[in-house]
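A closer look at the structure
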Amino acid sequence: MNDKSDYEAHLNRSLDDVFDLLAREIARLKESLETYRLSDHPNRQEIIRWHIRTLDERQDALEQ
């Protein structure tokens, strides 16, 4: 029983780590998106679209 409890605790920590990683990635992408929105980069619109698609994917993964 103890092995199962240890495994479940490890699994819960691992899931928490994944959630934390996704949340940090979302925050990083939002900051980067804002930077490109304010820039005059030649491919600005394309980069913004990529950031939005990637943010949507990460947020969907976090919700699942």
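Residues numbered from 1 in each chain as written. Predicted model: local features only at pLDDT ≥ 70, side-chain atom pairs only at ≥ 80, totals over all residues. Heavy atoms only, no water.

1. Quick look at the overall build of the protein chain
Worth spelling out the cut-off: Under the scheme used here, helices are H or I runs from DSSP no shorter than 4 residues and strands are E runs no shorter than 2 residues, and both carry numbers assigned from the N terminus. Between the two quantities, the radius of gyration covers C-alpha atoms and the globule rule is 2.2 Å times the number of residues to the power 0.38. When accessible area is computed with a 1.4 Å probe and restricted to protein chains, residues below 20% of their type maximum are described as buried, those above 50% as exposed, and intermediate ones as partly exposed. Per-residue and other accessible areas follow the Shrake-Rupley method at a 1.4 Å probe size, with only the shown protein chains counted as cover for residues. Only four residue types enter the charge count, namely Lys and Arg as positive and Asp and Glu as negative; His and the chain termini do not. Where a charge sits is defined by one atom per residue type, namely NZ (Lys), CZ (Arg), CG (Asp) or CD (Glu).
Of the regular secondary structure elements, the protein chain holds two helices and zero strands. Its C-alpha radius of gyration of 17 Å places the protein chain more than 25% over the 11 Å reference for a compact globule of 64 residues. Overall, the C-alpha framework of the protein chain stretches about 60 × 15 × 15 Å when taken along its three principal axes. In the protein chain, which comprises 64 residues, the proportion classed as buried is 16%. Counting every atom, the protein chain has about 5300 Å² of accessible surface; 50% of that belongs to carbon and sulfur. Side chains of the protein chain carry 10 positive and 15 negative charges; the gap between the two charge centres is 5 Å.

2. Observations concerning the pattern of salt bridges
The condition that has to hold: We define a salt bridge as a contact between a side-chain nitrogen of Lys or Arg and a carboxyl oxygen of Asp or Glu at a distance within 4 Å.
Inspection of every chain in the model, using the stated rule, returns three salt bridges. Salt-bridge contacts for Glu57 lead to Arg58; the nearest nitrogen and oxygen are separated by 3.7 Å. For Arg58, a relative accessible area of 26% corresponds to the partly exposed category.

3. Some words on helix α2 (residues 44-63)
Spacing of three or four residues puts side chains on the same side of an α-helix, whose turn is 3.6 residues. Operational definition: How far a helix is expected to stretch is found by multiplying one less than its residue total by 1.5 Å. Comment: arc refers to directions from the helix axis out to C-beta atoms.
Helix length check: α2, at 20 residues, gives a terminal C-alpha distance of 28 Å against a target of 28 Å (1.5 Å per residue), a fit within 8%. Within the span of α2, buried status applies to Ile47, Ile48, His51, Thr54 and Leu55. Burial along α2 is one-sided: seen end-on, the buried residues are contained in an arc of 130°. α2 presents Glu46 and Glu63 as exposed residues on the side facing more than 90 degrees away from its buried surface.

4. Some remarks on the side chain of Ser32
Put simply, the rule is: Counting of polar contacts relies on pairs of N or O atoms within 3.5 Å, with two restrictions inside protein: one atom must be capable of donating a hydrogen and the other of accepting it, and residues adjacent in sequence are counted only when both atoms are side-chain atoms.
Inspection of the secondary structure assignment puts Ser32 in helix α1 (residues 2-38). According to the relative accessible area criterion, Ser32 is buried, its value standing at 19%. A polar contact is formed between the side chain of Ser32 and the side chain of His51, at a distance of 2.8 Å.

5. Observations concerning the nonpolar core
Rules: To form a nonpolar core, buried Ala, Val, Leu, Ile, Met, Phe, Trp, Tyr and Cys residues must be joined to one another through side-chain atoms within 4.5 Å. Residue contacts follow a heavy-atom distance rule, with two residues in contact if any of their heavy atoms lie within 4.5 Å.
Counting five residues, the largest nonpolar core consists of Ile26, Leu29, Leu33, Ile48 and Leu55. At the level of secondary structure, the elements contributing two or more residues to this core comprise α1 and α2. The element that contributes the greatest number of residues to this core is α1, accounting for three residues. Setting aside residues up to four positions removed in sequence, Ile48 forms contacts with Leu33, Tyr36 and Arg37.

By themselves, these are just geometric observations and shouldn't be taken as functional.
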